[in-house]
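Structure at a glance
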Amino acid sequence: MSIRYSLLAFACLTTLLGRSGWGAETAKRPNVIIVLSDDQGYGDFSCHGNPVLKTPNLDKLHDQSIRLTDFHVAPMCTPTRGQLLTGLDALHSGASSVCAGRSFIRRGIPTLAEIFAANGYRTGHFGKWHLGDSYPNLPQQRGFQETVYFLGWGITSMADLWQNDCFDGYFRHKGVLKQYKGYCTDVWFDLAMSWIKECCGKGEPFFVYLPTNAAHAPCWVADKYKQPYKGRGPAGFFGMLANLDENMGRLDAFLSANGLRDHTILIYLNDNGGTAGVKLFNAGMRGHKTEYYEGGHRAACFLRWPAGHLRQPTDLDELTEVQDLAPTLLELCGLPTPKNVHFDGISLAPLLTGKVDTLPERMLVVQYGQRPEKWDGAVMWRKWRLVKGKELYDLRRDPGQKTDVAAEHPDVLQKMRAHYEKWWADVAPHLDDLSPISIGSDQENPVRLSAADWANVYCDNMYDLREGRNRNGPWHLLVEQEGTYEIALRRWPKEADAAISAGVPAFQAVDGGLPPGKALPIVRARLKIGAVDQTKPVVANDKEVVFTVKLKAGTRTQMQSWFYDADGKELCGAYFAYVQRK
């Protein structure tokens, strides 16, 4: 029996045995809330010295929390999310990239939500997911009993709803598309607080994962939040963070008003290095999102649990990483680590409670990527940083990483390279084993595939689509059931209702928009899946081209598409494919 199904069976057993009521037993089992911001950098807090941005509620949380000041995430968002939920390095979990067929946690690896659910917690997720857009990779299939989310990396991503908006947007409630009135960040916090109230009413401890899409582009936000920053910095970006800060204040007031503050572990962190704000202020660090210098992966991490017998609020400068949070939360909550699960992170509970003042000596590797390559990462040891296997920096003397000291410290260089060699030997054999997308399952049929999941290809936003970028790649698929399958190839998603070769008008959102979509002279479509390789004509008004194939259950295969012009020149792949078992 797989770990995953063992966990589900344990959850059922817990339900049958019953739960203790709200009270003394609940006090022994703290609630957990994790708030994860998107594209906010370490320097995008006024408590970290930002000279323009004001974050009073985050500053207050900072002052009330234990702050991990040498805390590291991945340089991009999906790897961080996978590392947070599994306690594994991105190249171990499989979720190593934001797209390219590498944004899924490998099957059989339990998530924090599955573990908490198996131990009697209610689990809820509200906001960004970005760990898969179809079965079996959606949040409700990875342990979250309640979830409202969008697809892809965010609004205007390739996988998200066509012409979605940050205002009065359409999001998925356990897979069912609904409209939610209000601004997206407000919606996430409103839904989380409403759901928490329901849990409290039933005497159930809760685990809430609240990853916002703020302040990831598009930076669409009400003018009242942007106005203070116009002419002083990236106004839309700072406006989104100001709104997020306001919501953190609302959450804190809610927890206090409902008697939840003391018995709730509240963690706030950002998902990768700085973006729009780094030119204004980057806390003295070199680098930004996507890079392996400190500015690409050093993040804020505030942890507060008033009744948890933790240290008094303070800075802890031990080397830590997001992978540490999973084992830490299990220990703090008194939950067992599932059998056969071995985290890459370690529990920080002894450090947080003051039982120890230092962590065991260790080296950590930061690496992600759509096609991970050897040495394309960073190794961290104490305050040493090895970047791409060659550049060595001593942050004690050079926090801005301006001077490479590899030649002066060959012993340190050799030791850190040796650690990476051993780490790479462990992850390398599985790097090309991409997790397949299931087709033909009873849980989801039909399945919509998008270019965001083309293997090893970066093509994941509406600008790629609207500009008609000539990119292409295969989807990795798993056939769940034998049968006849209809595969409809489209340039535009169904809801666009546009012909394959046609352009589309510009989109005007409440606070921004997208450019017109270009027409492409497409006259032929080709599909290759397994041994099947077929070509069909595309006429002027065709919105899709449908192919029919027979597939066997259990088959792991690749599927690729091509659109051609009259001269036989490849223009692009089909950005969307709808696969249905008949």
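For the structure, see preceding data.
Residues numbered from 1 in each chain as written. Predicted model: local features only at pLDDT ≥ 70, side-chain atom pairs only at ≥ 80, totals over all residues. Heavy atoms only, no water.

Quick notes on helix H7 (residues 184-201)
For H7, with 18 residues, the first-to-last C-alpha span of 26 Å sits near the 26 Å given by 1.5 Å per residue. Along H7, the positions that sit buried rather than exposed are Cys-184, Thr-185, Val-187, Trp-188, Phe-189, Ala-192, Met-193, Trp-195, Ile-196 and Cys-199. Against the buried residues of H7 lie strand S1 (31-37), strand S3 (122-127), strand S4 (146-149), strand S5 (170-173), strand S7 (206-211) and helix H9 (235-257). A positive phi of about 70° marks Gly-203, the residue just after H7. (Helix = DSSP H or I, 4+ residues; strand = E, 2+ residues; numbered from the N terminus. Expected span 1.5 Å × (residues − 1). Buried < 20%, exposed > 50% of the residue type's maximum accessible area, 1.4 Å probe, protein only. Contact = heavy atoms within 4.5 Å.)

Considerations on the packing of helix H3 (residues 56-64) against H9
Contact pair H3 / H9: the axes reach a minimum separation of 7 Å and the direction vectors enclose 55°. In terms of their interaxial angle, H3 and H9 are classed as oblique. Each of Pro-56, Asn-57, Leu-58, Lys-60 and Leu-61 in H3 lies in contact with H9, whose residues at this interface are Asp-245, Glu-246, Met-248, Gly-249 and Asp-252. When the residues that make up the contact of H3 with H9 are grouped by side-chain class, the tally is four nonpolar, two polar and four charged. (Axes fitted to C-alpha atoms, helices over the stretch in contact; angles between N-to-C directions. Parallel < 35°, antiparallel > 145°, perpendicular 65-115°, else oblique. Nonpolar A, V, L, I, M, F, W, Y, C, P; charged D, E, K, R; others polar.)

A closer look at the sheet that holds strand S12 (residues 363-366)
Strands in a sheet are paired, the pairing made by backbone hydrogen bonds, and the direction either parallel or antiparallel. Taken together, four strands build an open sheet; the order of strands is S12-S13-S14-S15 and the sheet is antiparallel. Of all the strands in the sheet, the pair left with one neighbour each is S12 and strand S15 (391-394). For this sheet, the mean angle separating the axes of adjacent strands, direction not counted, is 20°. Pairing of strand S14 (residues 384-387) with S15, which is carried by four bridges, proceeds in the antiparallel orientation. For Arg-385, the partnering residue across the bridge sits in S15 and is Tyr-393. (Pairing = 2+ DSSP bridges.)

Focus: the pattern of salt bridges
As enumerated under the stated definition, the model contains 38 salt bridges in all. Its salt-bridge partner being Lys-174, residue Glu-146 comes within 3.8 Å of it at the nearest N-O pair. Of this pair, Glu-146 sits in strand S4 while Lys-174 sits in the loop between S5 and strand S6 (176-179), and the two are 28 residues apart along the sequence. Taken together, the shared-partner salt bridges connect Lys-60, Asp-252, Arg-261, Asp-262 and Arg-304 into one network. (Salt bridge = Lys/Arg side-chain N within 4 Å of Asp/Glu carboxyl O.)

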